[in-house]
Amino acid sequence: MINSLLERKIGKRPDKVRLQGRILFLTEDPELIKRQLAGEDLAWDTKNPANNPKLRDDISTDEITPAHYCFYFDETLGEIPYLGLKCGSVTPIGRGDVKRGGFVCAVSGKRRGKGSSREQSPYAEMCAGIRLVIAENIERIYKQNCQNLGVLTSTDFSLIDRIRSGEEIALAEFTAGEDEITRQVIEYGGLFPFNVARMQGKVFLPPVKTGKHPMTLAEKIFARHMINEKGEVGVASVKPGDTGFARADLRFSHEYVTPMAAIFFERYVGKDAKVNDAPSILFFRDHLTFLDEVISEEKKKLGLLDLATQLKLKQQDFATKQGIKLHGELKDRKGSEGICHAIVLESYALPGQLNIGSDSHTPHVGAIGCVAFGIGTTDVFNSWITKDVRVKVPESVRIVIRGKKHANATAKDFILKILSLDYVRSGKALAKVMEYAGEAIEELSVDERATMTNMAAEIGGFTGIVAPDKKAVDFLVERRGMDRKKAEAMIEGLYSDADAQYAHVIELDAAEITPMVATPGDPGNGKYVRELNTPVPVEIAYGGTCTAGKNEDMDMYALVLAYALKQGKRVADSVKFYIQFGSQETREYCLRKGYIDVFQKAGAIVIEPSCGACINAGPGVSTRPDQVVISAQNRNFPGRSGPGQMYLASPLTVAASAVAGYIVEYEPSEKRELVGA
């Protein structure tokens, strides 16, 4: 494999760019978008921005490429971009509209590309003719996916006039301010040609020569994994901004991403080429296990269910051919072995490791003190060649939650509070490490800490992490069967130095955080349940996903439902309450504890493991725009889990609301400690 790449002819793209085509402004006004699609070029005043129509903020990858269309993994995606884009209640862009419109650039507001790490989004834009994305700020994974594919990105709105005048623009304007490696990735037109040039010794890799100094926990782990100038693993110290390649301990992907990565690998490396170190790669069939139960007849007629089956088969074939471990579907009943994040935390990740995965919620395993982050398809297939991943060491934000939490408050309430803060909503936390600390965090179990680290993705952070302690050791001993002394030795030195530098420090008092919800549209729309002015009736309650399908989440659903049964109550007749395990290990835990009997007696519908409803691919999705859902999942972007109105909440609040029939706090008449807390 290496020899064929060493002989491959690789060159840089031209040092000047002329973008010939139209500019699509993704505005809040759907009529303005429709007029552009019909052929009108929108006037835009770059010198007086206040005169312009309002651009859409917070465009998620779910809106750029809705989940069902990600079953395509070829150039067909060029017909798809922005099919889910909502302007008010209108989705103004139809299939093929962007491609037919001759657009070369797409412009939007703040936090473009938030949410899922799906590389199908920039790939769809690229295949539709978009060569440049302009936005006020751009989410890390989406931006990196653009760079990896060769799509240009910028926050410079003055480029609009220059594109329209037909001016040649220096490529250096798109690399300005980028680190040395990113600059070269852009110059070579993408990550794969850059990596081939790297193997051929044509690129410059700046050595990390940071002197010893106090480091954060994440920086210590990066230092252990950065490849030094001798090609060996490990450097003395790192600081934010240091760039290079980091050796990954574990690389994983799921059926949404593996097939596209496999096709890239076979196309660019070779059909008979072998991946580098197959035992440290994992595949998962966890996203689409229950898709056939909820996919519409219209989508079936489009062939999307058949395409989803092809994803599964392609992953299976590639896994078999490469000798890669696949955690797949169950043989004796419908369902999967488990969600990738759940299984990686339960069975694989270790304190101090660096793990990469094809999913934005890869930071889940930061709960036991490892650096884990999501990457896109091109990064995945390149890691199969090199076993490493390009890294710019991020700044860290320290989030300290002091004091003692309320009995009915959970990690989910903490994270919804954090997501509602101006610092996060304005995009200042983008691409930074979220380091959680303080007495209230220390009191959380590893399962609850995983809710915090998992939802670093919703913050737009690089990753989330908690310093490993006795609870992490107990987790490894009790859940993995690891020798205690070995586990204790593993966490030595894994803490932030007293004088470590942070980009920002957020301090919160746990006593001030009561049960919260995020109102429909965005996880950042947090408010306290008691601030809801009128009762909000719900039709669907959903407890599951990687965020809320863990053992302790099941403790919470069981606590509320057992208490309801004791009071002679059940799930309200007006509500369907779905409880879905994150893994078979969690299902077995529920069997041992007698929870499944409690769930069923109370009227809940119990489902085998899968991502399911969270990605509009399983029971629990909404089917009407007026349908109200309360869910313990991590995202409520428009259309992500059906057309309904989704509120995010903790497992306790979800279960209590399922019993009440409307959104309520869990408030038992006698004070109870959370089981397992």
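Just above sits the structure.
This report concerns the structure included in the present document. (Residues numbered from 1 in each chain as written. Predicted model: local features only at pLDDT ≥ 70, side-chain atom pairs only at ≥ 80, totals over all residues. Heavy atoms only, no water.)

Digging into helix 6 (residues 140–149)
With respect to burial, helix 6 is a largely interior element, nine of its 10 residues being buried. Taken as a whole, helix 6 has its buried residues at R140, I141, Y142, Q144, N145, C146, Q147, N148 and L149. Just downstream of helix 6 lies G150, where phi reads positive at about 100°. (Buried < 20%, exposed > 50% of the residue type's maximum accessible area, 1.4 Å probe, protein only. Helix = DSSP H or I, 4+ residues; strand = E, 2+ residues; numbered from the N terminus.)

Digging into the nonpolar core
Counting 127 residues, the largest nonpolar core has Y82, F222, F373 and W384 as the members making the most contacts within it. In contact with W384, other than residues within four places in its own chain, are R251, S253, T258, A261, A262, F265, V275, N276, I281, F283 and F318. Counting 44 residues, the second largest nonpolar core, distinct from the first, contains M554, V575, I579 and Y589. (Core = buried A, V, L, I, M, F, W, Y, C linked by side-chain atoms within 4.5 Å. Contact = heavy atoms within 4.5 Å.)

Focus: the sheet that holds strand 5 (residues 152–154)
Taking strand neighbours across the sheet as the criterion, the four strands line up as 2-3-4-5 in an open arrangement whose pairing is parallel. Since the sheet does not close on itself, it has two edges, and those belong to strand 2 (22–25) and strand 5, each with one partner. Between one strand axis and the next, the sheet turns by 20° as a mean value, whatever way the strands run. Where strand 4 (residues 132–134) lies against strand 5, three bridges are found, and the strand directions are parallel. (Pairing = 2+ DSSP bridges. Axes fitted to C-alpha atoms, helices over the stretch in contact; angles between N-to-C directions.)

A closer look at the sheet that holds strand 21 (residues 576–580)
Read across the open sheet, the seven strands follow the order 19-18-24-23-20-21-22; overall the sheet is mixed. Edge positions in the sheet fall to strand 19 (526–528) and strand 22 (605–607), since each has one partner strand and no second. Mean inter-strand twist for the sheet, computed between neighbouring axes without regard to direction, equals 25°. Relative to strand 23 (residues 628–631), strand 20 (residues 540–543) is paired through three bridges, and the arrangement is parallel. For I540, the partnering residue across the bridge sits in strand 23 and is V629. The strands touched by helix 25 (residues 551–566) within the sheet are strand 20 and strand 21, with strand 21 carrying the most contacts at an inclination of about 145°.

Regarding the state of the cysteines
All chains considered together, the criterion is met by zero disulfides. Here C70 stays free of any disulfide, with the sulfur of C127 as its closest cysteine sulfur at 13 Å. In this structure C70 comes out as buried when scored by relative accessible area, which is 0%. With no disulfide of its own, C546 lies 6.4 Å from the sulfur of C611, the closest cysteine sulfur. (Disulfide = S-S within 2.5 Å.)

Regarding the packing of helix 12 (residues 258–268) against helix 16 (residues 377–386)
For the pair helix 12 and helix 16, the least separation of the axes is 9 Å and the interaxial angle reads 55°. When the axis of helix 12 is compared with that of helix 16, the two are oblique. Between helix 12 and helix 16 lies a crossing of right-handed hand. Taken together, the residues of helix 16 that come into contact with helix 12 (itself represented by T258, M260, A261, A262, F264, F265 and Y268) are T377, T378, V380, F381, W384 and I385. Of the residues contributing to the contact of helix 12 with helix 16, the split by class is 10 nonpolar, three polar and no charged. (Parallel < 35°, antiparallel > 145°, perpendicular 65-115°, else oblique. Left-handed = near helix turned anticlockwise from the far one by under 90°. Nonpolar A, V, L, I, M, F, W, Y, C, P; charged D, E, K, R; others polar.)

Overview of the packing of aromatic side chains
A complete count under the given rule lists 21 aromatic pairs for this structure. Ring centres 5.9 Å apart and planes at 70° place the aromatic pair F265 and W384 in the edge-to-face group. Of the two residues, F265 sits in helix 12 while W384 sits in helix 16, which places them 119 residues apart along the sequence. What links up through ring pairs into an aromatic cluster is the set Y123, F192, F264, Y268 and F381. The residue whose ring lies beneath R198 is F245, and the NZ or CZ to ring-centre distance is 3.6 Å. (Phe/Tyr/Trp six-rings, centres within 6.5 Å; stacked < 30°, edge-to-face > 60°. Lys NZ or Arg CZ within 6 Å of the ring centre and 35° of its normal.)

Structural notes on the environment of L444
Within the secondary structure, L444 is located in the loop between helix 19 (439–442) and helix 20 (446–454). When the C-alpha atoms of L444 and T410 are compared, they prove to be 8.6 Å apart, with 34 residues separating the residues in sequence.

Points about the pairing of strand 20
Alternating positions in strand 20 separate into two faces, I540 and Y542 on one and A541 and G543 on the other, with burial throughout. With four bridges connecting them, strand 20 and strand 21 associate as parallel partners. Pairing of I540 across the sheet is with K576, part of strand 21.

Considering the packing of helix 15 (residues 340–348) against helix 22 (residues 470–480)
Closest axis-to-axis distance for the helix 15/helix 22 pair is 9 Å, and the angle between their directions is 90°. With respect to helix 22, the axis of helix 15 lies roughly perpendicular. Every residue of helix 22 that contacts helix 15 at V344, L345, E346, S347 and Y348 is listed here: F475, R479 and R480. Split by residue class, the contact of helix 15 with helix 22 holds four nonpolar, one polar and three charged.

Structural notes on helix 5 (residues 120–127)
Among the eight residues in helix 5, seven count as buried, and that is most of the element. What helix 5 keeps buried is the set Q120, S121, P122, Y123, A124, E125 and C127. Of the surrounding elements, those touching the buried residues of helix 5 are helix 3 (61–64), helix 4 (97–100), strand 4, helix 6 and helix 12. At the C-terminal side of helix 5, G129 shows a positive phi close to 110°.

Any functional reading would require information that these geometric values do not contain.
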